Protein chains: 2
Amino acid sequence: MTTTKTQGATALPLNTILSGDCVEVMNSLPAASVDLIFADPPYNLQLKGQLHRPDNSQVDAVDDHWDQFSSFATYDRFTRDWLKAARRLLKPNGAIWVIGSYHNIFRVGSALQDAGYWILNDVVWRKSNPMPNFRGKRFTNAHETMIWASKSEGGKYTFNYEALKALNEGVQMRSDWVMPICTGHERLKDENGDKAHPTQKPEALLHRILVGSTNPGDVVLDPFFGTGTTGAVAKMLGREFIGIEREDAYRQVAEKRIAKVRKFDREALQVSAGKRAEPRIPFGQLVERGMLRPGEELYSMNQRHKAKVRADGTLIGQNIKGSIHQVGAFLENAPSCNGWTYWCFKRDGKVVPIDVLRQQIRSELEN
Amino acid sequence: MTTTKTQGATALPLNTILSGDCVEVMNSLPAASVDLIFADPPYNLQLKGQLHRPDNSQVDAVDDHWDQFSSFATYDRFTRDWLKAARRLLKPNGAIWVIGSYHNIFRVGSALQDAGYWILNDVVWRKSNPMPNFRGKRFTNAHETMIWASKSEGGKYTFNYEALKALNEGVQMRSDWVMPICTGHERLKDENGDKAHPTQKPEALLHRILVGSTNPGDVVLDPFFGTGTTGAVAKMLGREFIGIEREDAYRQVAEKRIAKVRKFDREALQVSAGKRAEPRIPFGQLVERGMLRPGEELYSMNQRHKAKVRADGTLIGQNIKGSIHQVGAFLENAPSCNGWTYWCFKRDGKVVPIDVLRQQIRSELEN
DNA sequence: CCATACCATGAATCCATCT
DNA sequence: AAGATGGATTCATGGTATG
């Protein structure tokens, strides 16, 4: 453990996990001493019953005691309290990141604004492998939202524009980040082999946040430390961290984890530049975008069949409804069919394969 | 213009753009008469004007904070007012979509929750061609956020799951949608060739929203109608719309625009529906019709269990009597079981799922 | 050793209808 | 109105067992 003296008499307990209630602990630390705060507070999920997958297995819900709040008012009070204590700790040019879902993020965002923070961006973490919506009653909840805010309007927050651009293959970093959820070896397990924490965040997320909004040597505080992703990544990247965590079990896992982490020798920020596959374009997108109209007729390559486009991107032919692929296969009496190359539309008397439209969308996406 | 009589004496002005303040106009319409509301409220530009003090670098922090709070309070009041009026208009099973950016969406989301709406998803519109951040001081603001909420917790909102899945090439629709911003021919221009509205939304966005959360004939209201994207797409898709817009110029553009729109033909508006839409067939009917004989044996999908059909359409297995579902669940020690897909019968040595018989009855019903 | 198949699981506000 | 019942519903990934 390292400590440094700040302007006051109080020592700043660097690279330590403090135990206790985060508001109390934060209030015991010297004001204006922290460069960045990353916070992953309870989401207040308000889950009622149980949920089963279609295969009858039960979903392991986040029903921990620390996520229980009796009302929005209670949650708001909790949020205002910790945001106030956090703001006091920030240096004038400090900043904060908070992550949440639709259950809590609107409360958090409003409280941030009310407390005097200045929102810089909301950043969306698009999960490449989210849990599906098993009952088919809503959209797959495929993202979480992060809010990035400076301590005050006009604060000279840190933003390493070029580093982020480099991380993004030379293109300016956007407000939507695609990353997988934390699984595999990165996911910490307890002695029983169960996940050590129900909501462990991926290190890649913290990597991008810390590279983008701190400099080496900066002090990063995490008031809901959990199993210490923030601390682990901060250590790798040569930043100082302070963790606060109430639960003994989480603190113990985090201590062990961080002890094993080695700081990177150099700027070893390899970006995986793997060849990415061409993005899949659903046929329905051509309809939504008005490139093809519902009711418009498509013609088969060989001109022997036709079918009509429906509003949901399916086709209807004689005796058959389904996707462009299904209808093509049916009409050709074939086991399968690539609808993209099979179907054509007419424009100004010309017959054009629909695949041309797909290419058009793909070229837009490359920008 | 079409109007219909509702339960009260007040007529509902369908397919009309009403002029005036949206709260007053909404309060003049009959309660519980609207299926869906789509709202694109102002993003709190007034706030920005107040907060950006000209070249005053030494602004007192407390003053600044107070300023912020008072401005947000004004915006919050405005938001609460129109959300309350909107909620009154919604049918019990109605729903709302609101779109916004980080400037206002957290206020809107909190107000929605406080007003008794029940958030179903937040959906991110990920722009494939956003405006870059020219000064390189923040992330490219590449998305906007939409909140989808039912009128109340437990409301039986419309969700055309299968149609959305079809739009997405057979994979369940996620909460992040990639779409280009409104440009090109779709972007409405005024007589000077300038854009007619600063924040015209793409029709593709409304297409997905209306296909997903309304049915043909539903009433869709847009209290901030602008140049009428909601009305144009509603008309195409055979939904009824009501627009409210304060500015004469926008109303005029919208009127012209919508007049040109043609409704898609009926067949094209038909959309994929799942099994849930199929009529329910009691298992006992298979016995009554003689498709299965009392005493006949059924075999589980995995061939591990068998049970005997009884005259009343229940099954009897070892230690268990009950419906096809109950017996299946018991034998598999599962919380539930779909007996239709679990049980098979034998004919001419072949094993056939009983669901085939149900399909047979259903196809008879179609005639 | 490799290829394939099977299985487990992730911050989830996840049913509709009839008795 | 509460309780019981019918029966509809999943995607990406990593780990493990099998061949």
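Keep in mind that this is a model prediction, so the values were computed, not measured. (Residues numbered from 1 in each chain as written. Chains lettered and ligands numbered in written order. Predicted model: local features only at pLDDT ≥ 70, side-chain atom pairs only at ≥ 80, totals over all residues. Heavy atoms only, no water.)

A. Representation of the nonpolar core. Counting 71 residues, the largest nonpolar core has Trp82 of chain A together with Trp82 of chain B as its most contacted members. Apart from residues lying up to four places away in sequence, tryptophan 82 of chain B is in contact with Cys22, Val23, Met26, Ala39, Pro41, Ile96, Val98, Pro223 and Phe224 of chain B. (Core = buried A, V, L, I, M, F, W, Y, C linked by side-chain atoms within 4.5 Å. Buried < 20%, exposed > 50% of the residue type's maximum accessible area, 1.4 Å probe, protein only. Contact = heavy atoms within 4.5 Å.)

B. How the structure looks around the environment of proline 198 of chain B. Residue position: proline 198 of chain B is located in the loop between strand E8 (176-179) and helix H6 (203-213). With 57 residues separating them along the chain, proline 198 of chain B and asparagine 141 of chain B place their C-alpha atoms 16 Å apart. (Helix = DSSP H or I, 4+ residues; strand = E, 2+ residues; numbered from the N terminus.)

C. Spatial organisation of the UniProt feature "domain: DNA methylase N-4/N-6" (unreviewed entry) in chain A. Taken from the UniProt record, the annotation "domain: DNA methylase N-4/N-6" (unreviewed entry) applies to residues 34-256 of chain A. With 28% helix and 22% strand, residues 34-256 of chain A has end C-alpha atoms that lie 24 Å from one another. (UniProt positions renumbered as here; feature names shortened; annotations may be inferred.)

D. Geometry of the side chain of arginine 138 of chain B. Following the sequence through the fold, arginine 138 of chain B ends up in the loop between strand E6 (118-127) and strand E7 (143-150). One buried charge, arginine 138 of chain B, has no salt-bridge partner; the nearest side chain with opposite charge is glutamate 153 of chain A, at 7.9 Å. A distance of 3.0 Å separates a polar side-chain atom of arginine 138 of chain B from the backbone oxygen of leucine 120 of chain A. A distance of 3.0 Å separates the side chain of arginine 138 of chain B from the side chain of tyrosine 102 of chain B, its partner in a polar contact. Look past the residues within four positions of arginine 138 of chain B in its chain and what remains in contact with it is Trp118, Ile119, Leu120, Asn121, Trp148, Tyr157 and Phe159 of chain A together with Tyr102 and Asn133 of chain B. (Lys, Arg positive; Asp, Glu negative; His and termini not counted. Salt bridge = Lys/Arg side-chain N within 4 Å of Asp/Glu carboxyl O. Polar contact = N/O pair within 3.5 Å; in protein donor to acceptor, adjacent residues only side chain to side chain.)

E. Region of interest: empty space enclosed by the protein. Enumeration according to the criterion identifies one cavity of 30 Å³ or more in this entry. Elements with a minimum of two residues in the lining of the largest cavity: helix H3 (105-114) of chain A together with helix H4 (105-114) of chain B. Across the lining of the largest cavity, the residue classes break down as four nonpolar, two polar and two charged. (1 Å grid on protein atoms, 1.4 Å probe; cavity = no way out; pocket = protein on both sides within 12 Å on 5 of 7 lines; lining within 4 Å. Points joined across faces, edges and corners; volume = space filled by probe spheres on them. Nonpolar A, V, L, I, M, F, W, Y, C, P; charged D, E, K, R; others polar.)

F. The interface of chain B and chain A, seen in detail. Chain B puts 79 residues into the contact, and the matching count from chain A is 79 residues. A buried area of about 7000 Å², summed over both sides, lies between chain B and chain A, and 49% of it is on carbon and sulfur atoms. Inspection of the chain B/chain A interface yields eight salt bridges. A salt bridge links aspartate 176 of chain A to arginine 126 of chain B, with the shortest nitrogen-to-oxygen separation between them at 2.3 Å. (Buried area = accessible area lost by both parts, 1.4 Å probe.)

G. View of the protein's contact with DNA strand D. Residue and element names in this part refer to chain B. With respect to spatial proximity, 28 residues lie near DNA strand D, and among them Tyr161, Lys165, Gln172, His325 and Trp340 are the closest. In DNA strand D, atoms within 4 Å of the protein come from the sugar-phosphate backbone in 66% of cases. Note that a phosphate oxygen of DNA strand D is positioned 2.5 Å from one of the side-chain N or O atoms of histidine 325. Between DNA strand D and the protein, one listed contact pairs a phosphate oxygen with a side-chain N or O atom of arginine 358 at 2.9 Å. No other element matches the three residues that helix H5 (residues 161-167) contributes to the surface near DNA strand D. Grouping the constituent residues of the surface near DNA strand D by class yields nine nonpolar, 12 polar and seven charged. (Near = heavy atom within 4 Å.)

H. The arrangement of helix H8 (residues 248-260) of chain B in detail. The end-to-end C-alpha distance of H8 of chain B, which contains 13 residues, comes to 19 Å, matching closely the 18 Å that a straight helix rising 1.5 Å per residue would cover. The inward-facing, buried residues of H8 of chain B abut strand E3 (16-19), H6, helix H7 (229-236) and strand E10 (240-245) of chain B. (Expected span 1.5 Å × (residues − 1).)

I. Examining the sheet that holds E7 of chain B more closely. Residue and element names in this part refer to chain B. One open sheet holds the eight strands; their spatial order is E3-E10-E9-E4-E5-E7-E6-E8, and the pairing between them is mixed. The sheet terminates laterally at E3 and E8, the two strands that pair on one side only. With strand direction ignored, the average angle separating the axes of adjacent strands in the sheet is 20°. Judged from the five bridges that link them, strand E4 (residues 34-39) and strand E5 (residues 90-100) form a sheet pairing that is parallel. By the bridge assignment, valine 34 is partnered in E5 with leucine 90. (Pairing = 2+ DSSP bridges. Axes fitted to C-alpha atoms, helices over the stretch in contact; angles between N-to-C directions.)

J. Up close: the state of the cysteines. Throughout the structure, instances matching the rule amount to zero disulfides over all chains. Cysteine 344 of chain A provides the cysteine sulfur closest to cysteine 337 of chain A, a residue in no disulfide bond, and the two sulfurs are 11 Å apart. (Disulfide = S-S within 2.5 Å.)

K. Structural detail: the environment of serine 110 of chain B. Its place among the elements puts serine 110 of chain B in helix H4. C-alpha of serine 110 of chain B to C-alpha of lysine 306 of chain B: the two residues are 196 residues apart in sequence and 54 Å apart in space.

L. A look at the packing of aromatic side chains. Here the structure, examined in full by the defined rule, presents 33 aromatic pairs over all chains. Here the aromatic rings of tryptophan 97 of chain A and phenylalanine 139 of chain B are separated by 6.1 Å at their centres, their planes lie at 70°, and the arrangement is edge-to-face. Remark: phenylalanine 139 of chain B occurs in the loop between E6 and E7 and tryptophan 97 of chain A occurs in strand E5 (residues 90-100); the pair is interchain, linking two chains. For tryptophan 97 of chain A, a relative accessible area of 1% gives the class buried. (Phe/Tyr/Trp six-rings, centres within 6.5 Å; stacked < 30°, edge-to-face > 60°.)

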